[in-house]
Amino acid sequence: MSKNRRESNNMHDGVGLWSLGIGPDKRPAIFLDRDGTILDELGYLGDPDKVVLYPRVQDALMLLREAGYLLLIVTNQSGIARGYFSLEDSIAVNLKMIRILSELGAVIDGVYFCPHLPDSGCPCRKPASGMVQKAETDFNVNLEDSWIIGDTDKDALLGSEAGIRPLLVKTGKRDKGAVPSGVPAVADLNEAARYILEE
Ligand SMILES: [Mg+2]
Ligand SMILES: [Zn+2]
């Protein structure tokens, strides 16, 4: 590809995207559940003042990011459709979490959330793969080398739905429902980072 052609492609793709570090090469991602995986599982968290991180999650996230993974949060937030909290409140929770993490040195690349009810049939509520597919396009993700880390069977099932490897953590409320056999489970996010980096 000639230099001029590349420059014109850059122009076409937009300065903003490139400034976020999105280049032509596909990158693997760690898809992360939020509640019960990064944040203390309180149930329908809609108050930014109640954001509490599990111990040292920033260390796990920094290690994974340094290893070249994008960090993309995928979270079901049906509390919005249920009317338990507003869209704005939910966004405020995400922003609070991102700010705390970045102050601790861990940068999150993106947050995707499903605001719909479980029976809405939407394509985004986990274990459906809509959020992962959107992120794949937005961030040029290499799904083959990507993982989903979460605390429930929905997160594990998302792995097979989206074609990414699942890893369960025993923090949060980990559903008592059927966890697909063969899905590895570790104590917490720090153990999960170690597990993935040793693969
Ligand atoms: Mg969870
Ligand atoms: Zn949805």
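Located above this text is the structure these notes cover.
(A) Seen up close, the overall build of the chain. Secondary structure summary: the chain contains 7 helices and 6 strands in total. Burial statistics for the chain: of 199 residues in total, 35% are counted as buried.

(B) Molecular detail of the sheet that holds strand β6 (residues 185-186). As summarised here, the arrangement of the 6 strands in space is β3-β2-β1-β4-β5-β6, forming an open sheet in which the pairing is parallel. This sheet does not close on itself; its edge strands, each paired only once, are β3 (110-114) and β6. Taken together, the 5 bridges between strand β2 (residues 70-76) and β3 define a ladder with parallel strand orientation. The residue bridging asparagine 76 from the neighbouring strand is cysteine 114, located in β3. Here helix α7 (residues 189-198) sits on the sheet in contact with β4 (147-150), β5 (165-169) and β6, set at roughly 150 degrees to β5.

(C) Fine view of the environment of threonine 37. In this fold, threonine 37 is placed in the loop between β1 (29-32) and α3 (57-66). When near neighbours in sequence (up to four residues on either side) are disregarded, threonine 37 contacts Leu32, Ile149, Gly150, Asp151, Val169, Thr171, Gly172 and Leu189.

(D) Region of interest: the environment of cysteine 122. Secondary-structure assignment places cysteine 122 in the loop between β3 and α5 (130-139). In this structure cysteine 122 comes out as partly exposed when scored by C-beta crowding, with 15 C-beta atoms within 10 Å. Once residues within four sequence positions are removed from consideration, cysteine 122 is found in contact with Cys114 and His116.

(E) Structural detail: the nonpolar core. In this structure, Ile30, Phe31, Leu72 and Ile149 are the most contacted members of the largest nonpolar core, which totals 42 residues. Here this core gets 5 residues from one element, more than from any other, and that element is β2.

(F) Inspection of the pairing of β4 at higher detail. A two-sided burial pattern is seen for β4, the buried positions comprising Trp147 and Ile149 on one face and Ile148 and Gly150 on the other. Looking at chain direction, β1 and β4 are connected through 3 bridges and run parallel. By the bridge assignment for β4, leucine 32 is matched with isoleucine 149. One ladder, built from 4 bridges, connects β4 with β5; its direction is parallel. Its bridge partner lying in β5, tryptophan 147 is registered against arginine 165. Handedness of the crossover is the feature at issue here: the chain leaves β4, passes through helix α6 (residues 153-162), returns alongside β5, and the resulting connection is right-handed.

(G) Broad picture of unusual backbone geometry. Omega for the bond connecting lysine 126 with proline 127 falls within 30 degrees of zero, at 15 degrees, which places this linkage in the cis form. Mapped onto the secondary structure, proline 127 falls in the loop between β3 and α5. Its identity is not glycine, yet tyrosine 44 carries a phi of approximately 50 degrees, on the positive side. For tyrosine 44, the location among the structural elements is in the loop between β1 and α3. One non-glycine residue, asparagine 140, lies in the positive phi region at around 55 degrees. Position of asparagine 140 among the secondary structure elements: in the loop between α5 and β4.

(H) Highlighting the packing of α3 against α7. With their axes 8 Å apart at the nearest point, α3 and α7 run at an angle of 20 degrees to one another. In terms of orientation, α3 and α7 fall into the roughly parallel class. At the point where α3 passes α7, the crossing takes the left-handed sense. Contact with α3, carried on its side by Val57, Asp59, Ala60, Leu63 and Leu64, involves Leu189, Asn190, Ala192, Ala193, Ile196 and Leu197 of α7 and no other residues of that element. A per-class count over the contact of α3 with α7 returns 9 nonpolar, 1 polar and 1 charged.

Rules behind the numbers
Residues numbered from 1 in each chain as written. Chains lettered and ligands numbered in written order. Predicted model: local features only at pLDDT ≥ 70, side-chain atom pairs only at ≥ 80, totals over all residues. Helix = DSSP H or I, 4+ residues; strand = E, 2+ residues; numbered from the N terminus. Buried ≥ 20, exposed ≤ 12 C-beta atoms within 10 Å, placed from the backbone. Pairing = 2+ DSSP bridges. Contact = placed C-beta atoms within 7 Å. Axes fitted to C-alpha atoms, helices over the stretch in contact; angles between N-to-C directions. Core = buried A, V, L, I, M, F, W, Y, C linked by C-beta atoms within 7 Å. Right-handed = clockwise from strand over helix to strand, strands pointing away. Parallel < 35°, antiparallel > 145°, perpendicular 65-115°, else oblique. Left-handed = near helix turned anticlockwise from the far one by under 90°. Nonpolar A, V, L, I, M, F, W, Y, C, P; charged D, E, K, R; others polar.

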